[in-house]
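Structural description and commentary
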Amino acid sequence: MTGKVWFVGAGPGDPDLMTVKARDLITQADAILYAGSLVPQALTQWSKADCNIQDSKGMTLEDITSWLIEQAQHHQTVIRLQTGDPSLYGALIEMVQPLDKADIEIEVVPGISSAMASSAAAVESLTLPEVTQTVILTRVEGRTPMPDGESLKELAAHHSTLCLFLSITLLHKVTAELIETGWSVDAPVVVVQKASWGEAEKIVRGTLSTIKKQCQTEKIASQAMIIVSPTLGARQWENLKKSKLYDKDFTHRFRRGTSQD
Ligand code: SAH
């Protein structure tokens, strides 16, 4: 008997932000390998008493894939529990390829990304009519090189929303490059650390010129999302452009507007 390996998005940290599907799979799982550096062990709380639960912290890619293969050769339901959504910075394909070679069936269950949990925590909209309709999910170049055309300066030139993963230790570089690209030193920035982790969650609001100092004061050096966007702070705006969706004059598929044209 060969089982199946599920790559499951655990969401941003709050166990209630897991999907029902993820939770159901956890209750059925025979083996769970979770990324302990970012996924709280509390997320495995619904597992069976005899479920083999292991933290992958300290494991190499080969260790991880051989563990998953071995478990799938003996058990029905094996889970690789990943932070946020597995398709973002999750080394998903590197893990899937060896399983494909070993002829093990896999399936991916999406999760709530930390980008979404961070905008929710800060009550921010990443898109606003006539401000920006585009969100770029990216990171700044550190030890992982950025492909051609994807330097922060090139991406920032769009002046759309930027959600920066894995970049908090390079915050000085982020702010410097955005300012060099023409963003105002007063452009708003929100940093959310441990979004959805209850008491541990921190939200810091500042500008390109102040945010670095503020994060230092708050001792934020990991597990943080940097959001830079012309939409930030819109909750306080008095001249907000409303979207057409709920406009009384706007007709769409589900509602007839009052306008004649
Ligand atoms: N697949 C994950 C991202 C993994 S990369 C997702 O979809 O969210 C890890 C990076 O995600 C961290 O460096 C940080 O930038 C961000 N991150 C993960 N969990 C977070 C959280 N709870 N709050 C804020 N940022 C988080």
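Reading the values: the criteria
Residues numbered from 1 in each chain as written. Predicted model: local features only at pLDDT ≥ 70, side-chain atom pairs only at ≥ 80, totals over all residues. Heavy atoms only, no water. Buried < 20%, exposed > 50% of the residue type's maximum accessible area, 1.4 Å probe, protein only. Helix = DSSP H or I, 4+ residues; strand = E, 2+ residues; numbered from the N terminus. Arc of directions from axis to C-beta. Contact = heavy atoms within 4.5 Å. Salt bridge = Lys/Arg side-chain N within 4 Å of Asp/Glu carboxyl O. Domains from an automatic or database assignment. Buried area = accessible area lost by both parts, 1.4 Å probe. Polar contact = N/O pair within 3.5 Å; in protein donor to acceptor, adjacent residues only side chain to side chain. Nonpolar A, V, L, I, M, F, W, Y, C, P; charged D, E, K, R; others polar. 1 Å grid on protein atoms, 1.4 Å probe; cavity = no way out; pocket = protein on both sides within 12 Å on 5 of 7 lines; lining within 4 Å. Points joined across faces, edges and corners; volume = space filled by probe spheres on them. Pairing = 2+ DSSP bridges. Axes fitted to C-alpha atoms, helices over the stretch in contact; angles between N-to-C directions. Near = heavy atom within 4 Å. Areas by Shrake-Rupley, 256 points an atom, 1.4 Å probe, with all protein chains shown as cover. Sits in = over half its atoms within 2 Å of the grid points.

The subject of this paragraph is helix 6 (residues 171–180). Since one α-helical turn is 3.6 residues long, residues separated by three or four positions face the same way. The set of residues buried in helix 6 consists of Leu171, Val174, Thr175, Glu177 and Leu178. Within helix 6, the buried residues cover an arc of 165 degrees as seen down the axis, which keeps them to one side. Elements that come into contact with the buried residues of helix 6 comprise helix 5 (152–156), strand 7 (161–165), helix 7 (211–217) and strand 10 (224–228). The positive-phi residue at the C-terminal boundary of helix 6 is glycine 182, with phi of around 110 degrees.

The next subject is the pattern of salt bridges. Tallied over the full model, the rule gives nine salt bridges. A salt bridge links lysine 21 to glutamate 107; the nearest nitrogen and oxygen atoms lie 3.9 Å apart. Of the two residues, lysine 21 is situated in helix 1 (residues 20–28) and glutamate 107 in strand 5 (residues 105–109); the sequence distance between them amounts to 86 residues. The class of glutamate 107 is partly exposed, set by a relative accessible area of 28%. Residue glutamate 180 pairs with lysine 153 through a salt bridge whose shortest N-O separation is 2.6 Å. On the criterion of sequence distance, the pair formed by glutamate 180 in helix 6 and lysine 153 in helix 5 is long-range, its members being 27 residues apart. One continuous salt-bridge network, built from bridges that share partners, spans Lys4, Lys21, Glu105 and Glu107.

As a further point, take the domain arrangement of the protein chain. What the domain assignment lists for the protein chain is domain 1 (4–109) and domain 2 (114–234). Relative to domain 2, the C-alpha centre of domain 1 lies at a distance of 29 Å. Counting residues at the interface gives 10 residues for domain 1, matched by 11 residues for domain 2. In total, about 780 Å² of surface goes out of reach between domain 1 and domain 2, with carbon and sulfur atoms giving 71% of it. Applying the counting criterion to the domain 1 and domain 2 interface returns zero salt bridges. Across the domain 1-domain 2 interface, the total number found is two residue pairs in polar contact (both at pLDDT 80 or more). By residue class, the composition of the side of domain 1 that touches domain 2 is six nonpolar, three polar and one charged.

A few words on the layout of surface pockets. A water-sized probe, rolled over the atoms, reveals where empty space remains. Considered as a void within the structure, the largest pocket measures approximately 980 Å³ in volume. Secondary-structure elements contributing two or more residues to the lining of the largest pocket are helix 2 (61–74), strand 4 (77–82), helix 3 (92–101), helix 4 (114–121) and strand 10. Grouping the constituent residues of the lining of the largest pocket by class yields 20 nonpolar, 15 polar and five charged. Summarising the domain contributions, the lining of the largest pocket has at least three residues from each of domain 1 (4–109) and domain 2 (114–234).

Strand order in the open sheet made by the five strands is 3-2-4-1-5, with parallel pairing throughout. On the outer flanks of this sheet lie strand 3 (52–55) and strand 5, each paired with one strand and no other. Adjacent strand axes in the sheet meet at a mean angle of 15 degrees when their direction is disregarded. With four bridges joining them, strand 2 (residues 31–34) and strand 4 adopt parallel strand pairing. Within the sheet, the bridge partner assigned to isoleucine 32 lies in strand 4 and is isoleucine 79. Helix 2 rests against strand 1 (4–9), strand 2, strand 3 and strand 4 of the sheet, and its axis sits at about 155 degrees to strand 4. Against the sheet, helix 3 contacts strand 1, strand 4 and strand 5, and its axis sits at roughly 175 degrees relative to strand 1.

Lining the immediate environment of the ligand, one finds 19 residues, of which Asp85, Leu88, Ser114, Ala195 and Ala224 sit closest. For the ligand, a nitrogen atom lies 3.0 Å from a polar atom in the backbone of proline 12. In this structure, a nitrogen atom belonging to the ligand sits 2.8 Å away from a main-chain N or O atom of alanine 195. Here the ligand has 550 Å² of accessible area as a free molecule, and 95% of this is covered by the chains. Counting atoms within 2 Å of the grid points, the majority share of the ligand lands in the largest pocket. Elements that contribute at least two residues to the shell around the ligand include exactly helix 4 and strand 10.

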